[in-house]
Amino acid sequence: VLISFIELSGQSFLWIKDLTKPDTILYIKAFEGLIILPASINLLPIIMTAISILQVTISSAKVQTEQTITMWLIPIIFMFIFWNLPSALVLYWTVQNLLSLVEQYIVNKTLKY
């Protein structure tokens, strides 16, 4: 739906030129036909993944179970899912992760973890 959302078409935000397209900052023509390596480098999914991994690190400080492996894999899987999605959706998810990270930090400080 965001691809055809007329209100976001052509709207820019920070380095993102169009919120209905991925935020490609570099395009490598040599990788164009390869399946394993993407031809475009998108910064927002990388930032989203880093924030998600930091959130997992903070929230699972005391938990050492089988769930921690899943909690580490989910941000990496989401990076691949969000790689070619519209940057408005990735930006929304990134801000939500950042706010959750701040909330988790405040909870940890309040409960003295």
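Turning our eyes to something else, we now look at the nonpolar core. The nonpolar side chains of a soluble globular protein tend to be buried, and buried together. I16, L19, L44, M48, F82, A88 and V90 form the largest nonpolar core, which has seven residues in total. Within the residue set of this core, elements represented by two or more residues are α1 (43-59) and α3 (87-111). The residues touching L44, leaving out its near neighbours within four places in the chain, are W15, I16, D23, S87, V90, L91 and T94.

This part covers a nonpolar patch on the surface. There is a patch of nonpolar side chains on the surface, built from I69, L73, I76, I77, F80 and I81 and spanning about 600 Å² of accessible area. Tracing the sequence through the fold places L73 in helix α2 (residues 67-82).

As a further point, take α1. The terminal C-alpha atoms of α1, which comprises 17 residues, lie 24 Å apart, in line with the 24 Å expected from a rise of 1.5 Å per residue. L44, P45, M48, T49, I51, S52 and V56 are the residues of α1 that are buried. Around the axis of α1, the buried residues are gathered within 165° of arc, so they sit on the same side. Where α1 is buried, its residues meet β2 (40-42), α2 and α3.

This part covers the packing of aromatic side chains. Inspection of every chain in the model, using the stated rule, returns three aromatic pairs. Ring centres 5.5 Å apart and planes at 75° place the aromatic pair F78 and W93 in the edge-to-face group. Taken together, the positions of F78 in helix α2 and W93 in helix α3 put the pair 15 residues apart, joining distant regions of the chain. The class for F78 is partly exposed, based on a relative accessible area of 27%. Aromatic pair F82 and W93: ring centres 5.4 Å apart, planes at 45°, arrangement tilted. Linking F82 in helix α2 with W93 in helix α3, this pair joins segments that are 11 residues apart in sequence.

A separate point is the layout of surface pockets. Taken as a whole, the largest pocket holds about 170 Å³ of empty space. Together, S52, Q55, V56, S59, M71, I74, P75, F78, W93, Q96 and N97 line the largest pocket. If you list the elements that add at least two residues to the lining of the largest pocket, you get α1, α2 and α3. Its residues placed into classes, the lining of the largest pocket shows six nonpolar, five polar and no charged.

Moving on, we come to α2. Here α2 spans 23 Å end to end across 16 residues, near enough to the 22 Å set by a 1.5 Å rise per residue. Looking at the buried positions of α2, the neighbouring elements they touch are α1 and α3.

Now for the environment of L26. In this structure, L26 sits in strand β1 (residues 24-27). Accessibility expressed as a relative area gives 46% for L26, which makes it partly exposed. Taking C-alpha positions, L26 is 7.3 Å from N42, a pair spaced 16 residues apart along the chain.

Thresholds applied
- Residues numbered from 1 in each chain as written.
- Predicted model: local features only at pLDDT ≥ 70, side-chain atom pairs only at ≥ 80, totals over all residues.
- Heavy atoms only, no water.
- Core = buried A, V, L, I, M, F, W, Y, C linked by side-chain atoms within 4.5 Å.
- Buried < 20%, exposed > 50% of the residue type's maximum accessible area, 1.4 Å probe, protein only.
- Helix = DSSP H or I, 4+ residues; strand = E, 2+ residues; numbered from the N terminus.
- Contact = heavy atoms within 4.5 Å.
- Patch = residues over 30% accessible without salt bridge, like charges linked within 9 Å, V, L, I, M, F, W, Y side chains within 5 Å.
- Areas by Shrake-Rupley, 256 points an atom, 1.4 Å probe, with all protein chains shown as cover.
- Salt bridge = Lys/Arg side-chain N within 4 Å of Asp/Glu carboxyl O.
- Expected span 1.5 Å × (residues − 1).
- Arc of directions from axis to C-beta.
- Phe/Tyr/Trp six-rings, centres within 6.5 Å; stacked < 30°, edge-to-face > 60°.
- 1 Å grid on protein atoms, 1.4 Å probe; cavity = no way out; pocket = protein on both sides within 12 Å on 5 of 7 lines; lining within 4 Å.
- Points joined across faces, edges and corners; volume = space filled by probe spheres on them.
- Nonpolar A, V, L, I, M, F, W, Y, C, P; charged D, E, K, R; others polar.

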